[in-house]
Amino acid sequence: MGFRRVHPSVLALAVVACWLNAQSPPTEVSYRVHYERAGDEAVSIELEWPDPLGQAGSLVFPRAIPMGYGEQRYDAFVSDLRAFGPDGQSTAPGREEGPRWRLNAGTRRVTYRVNLRQMEQDVHAASDASRVREGYLGALGYSIFAYVDGYESRGTRLRVSGPEAWPVFSTLSPRLPMGAAPVDARAADFYALADSQIVMGPRAVVRRLTDSPVPLYLAAYAEGPVDLDRLSRVAARAFRLVNDYFGATPFAHYTVHYELLTPISSRHAYGMSMEHLESSTYYLAASSGLTADAPRDDEGRVLSLIGHHVAHAWIPKRAYGEGYYPFQWELAPIIDSIWFAEGFGQYAAIMALARGMPDPQTYRQRTLELRFRSNITSAPPFLKRLSLIELSRVASTRYAEDFRTGRLVFSRGGLMAAAIDERIQAESKGTTSLRDALRYLVAWSARERRGFRIDELAGLIQQATNVDTRTVIEEWLRPLP
């Protein structure tokens, strides 16, 4: 075959086309959630993507929980799994090892059901389970959504619908008034989708609390007495104080999702809460609601609880050590820096809330004693003998399951944060503080798109404050005396 000369302009256009092809983002994955009838125990899920799989792949269900430091076998509640090819014919995917199912080449759609009633019965930690109760559905994204292996970084679209006349709400795209029409939302990737929540039903209450600095919502479901007006004021105050501490809001909206639940058995635990990218979830016993006549101390505890979990939207959701991102969904990752995520995050909340107290210094000292020092005093000696990195690794898979590890790791981290703050303020004569370092770390993480190494932390703090805190960090990383 003879050689034909290609005009340079045509060649250039071809090169540009190839470059654009290479640079174009991958196509989105569409998720649909449908809860068909009030009283049903399961919710139906559909995934679809426009480009059929070029080769066999896997559908993966999460077992690890971001910030949960443990695992739940959510795949145990999946049924009626079907995979569809371009011709619309369906097959039942074969089970692989772990929480995986085999998808044939050509697959472009998957459907399945998740039994939420069975999930709540079998998962004893209320903060790890989704649930359906009379007139209400509350779903954690990572407990119901699966992903195609390799598609985790693709953008996602979500549509949620419920029974006729049931209002629907998603923390991905909060809106009022809640309506019965399907909710449509988008997420940047699977992590953002999985870290969101769905609320629906006539017994759900959603309020828009403020528009400054971003829209703040309260989504509540209560099986016990609660004064929603008082709770709303406390939530708005906690959010404002924490946001003021960090100085910038790296999300477009935020939701406080609050459930007061009647225990379904003596084995079920209530009282733990969880933080997310754009929301926080609270799972409390029905008798623990903040009522109109509750004492001021009760209001203070709720303020502290919400402030603590709101602060985690910055640390570690946006400034974090290695191991938090990219997240490993199938097994709980072993993380060396839980003390930073939990301890520094809680210390930031303490300092944020202190700014709203009549005597900030007294509030700080009293809270450090009650929240951190008392836990170190009562900790078992064998845990004290672990270095802070070793303790973090142990807590990576049993933080709440054996809460002795969780309490000690966040307490040691919180007191490290306090010691660093004191060093910075002393050497800078009060011109800078740990707050400046934490703000810098949030910006650094966004720019670098990675978690810091522990040996980098002192240098990053020094860049922000001009104070060397290396000896303080090294002291607190060692085993306790």
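Trainee: Help me out: how do you make sense of the overall build of the protein in this one?
Mentor: Looking only at helices and strands, the protein has 14 helices and 19 strands in total. Computed over C-alpha atoms, the radius of gyration of the protein comes to 24 Å, within 12% of the 23 Å expected from 2.2 N^0.38 for 481 residues, which places it in the range of a compact globule. Principal-axis analysis of the C-alpha atoms gives the protein an extent of 80 × 65 × 45 Å. Expressed as a percentage of the 481 residues in the protein, the buried residues total 55%.

Trainee: Looking at this model, I keep getting lost on the packing of helix α5 (residues 228–246) against helix α7 (residues 338–354). Mind explaining?
Mentor: Two numbers describe a pair of packed helices, the interaxial angle and the distance between the axes. Direction vectors running N to C along α5 and α7 enclose 105°, while the axes themselves pass 8 Å from each other. Of the possible angle classes, the one that applies to α5 and α7 is roughly perpendicular. Between α5 and α7, the contacting residues are Ala 238, Leu 241, Val 242, Tyr 245 and Phe 246 on the first element and Ala 348, Met 351, Ala 352 and Leu 353 on the second. Class assignment of the residues belonging to the contact of α5 with α7 gives a composition of nine nonpolar, no polar and no charged.

Trainee: Quick question: what am I supposed to make of helix α14 (residues 470–477) here?
Mentor: Within the sequence span of α14, burial applies to Val 472, Ile 473, Trp 476 and Leu 477. Burial along α14 is one-sided: seen end-on, the buried residues are contained in an arc of 130°.

Trainee: I would appreciate a short explanation of unusual backbone geometry in the present structure.
Mentor: As a rule of thumb, non-glycine residues mostly have phi less than zero, and peptide bonds are mostly trans rather than cis. Along the chain, Leu 176 connects to Pro 177 via a cis peptide bond; the corresponding omega equals 0°. Among the structural elements, Pro 177 can be located in the loop between β12 (168–170) and β13 (183–187). The omega torsion across Ser 212 and Pro 213 is 5°, close enough to zero to call that bond cis. The residue Pro 213 is located in the loop between β15 (205–210) and β16 (216–222) in this model. At Asp 80, a residue that is not glycine, the phi angle is positive and equals roughly 55°. Relative to the elements of secondary structure, Asp 80 occurs in strand β4 (residues 78–84). Located in the positive-phi region is Ala 165, a residue other than glycine, with phi close to 75°. Along the polypeptide, Ala 165 turns up in the loop between β11 (156–161) and β12.

Trainee: I would appreciate a short explanation of the side chain of Arg 100 in the present structure.
Mentor: Position of Arg 100 among the secondary structure elements: in strand β6 (residues 100–103). Note on Arg 100: relative accessible area 17%, which makes it buried. In terms of polar contacts, Arg 100 uses its side chain to reach the side chain of Ser 58, at 3.4 Å.

Quick notes on the rules
Residues numbered from 1 in each chain as written. Predicted model: local features only at pLDDT ≥ 70, side-chain atom pairs only at ≥ 80, totals over all residues. Heavy atoms only, no water. Helix = DSSP H or I, 4+ residues; strand = E, 2+ residues; numbered from the N terminus. Rg over C-alpha atoms; globule rule 2.2 N^0.38 Å. Buried < 20%, exposed > 50% of the residue type's maximum accessible area, 1.4 Å probe, protein only. Axes fitted to C-alpha atoms, helices over the stretch in contact; angles between N-to-C directions. Parallel < 35°, antiparallel > 145°, perpendicular 65-115°, else oblique. Contact = heavy atoms within 4.5 Å. Nonpolar A, V, L, I, M, F, W, Y, C, P; charged D, E, K, R; others polar. Arc of directions from axis to C-beta. Polar contact = N/O pair within 3.5 Å; in protein donor to acceptor, adjacent residues only side chain to side chain.

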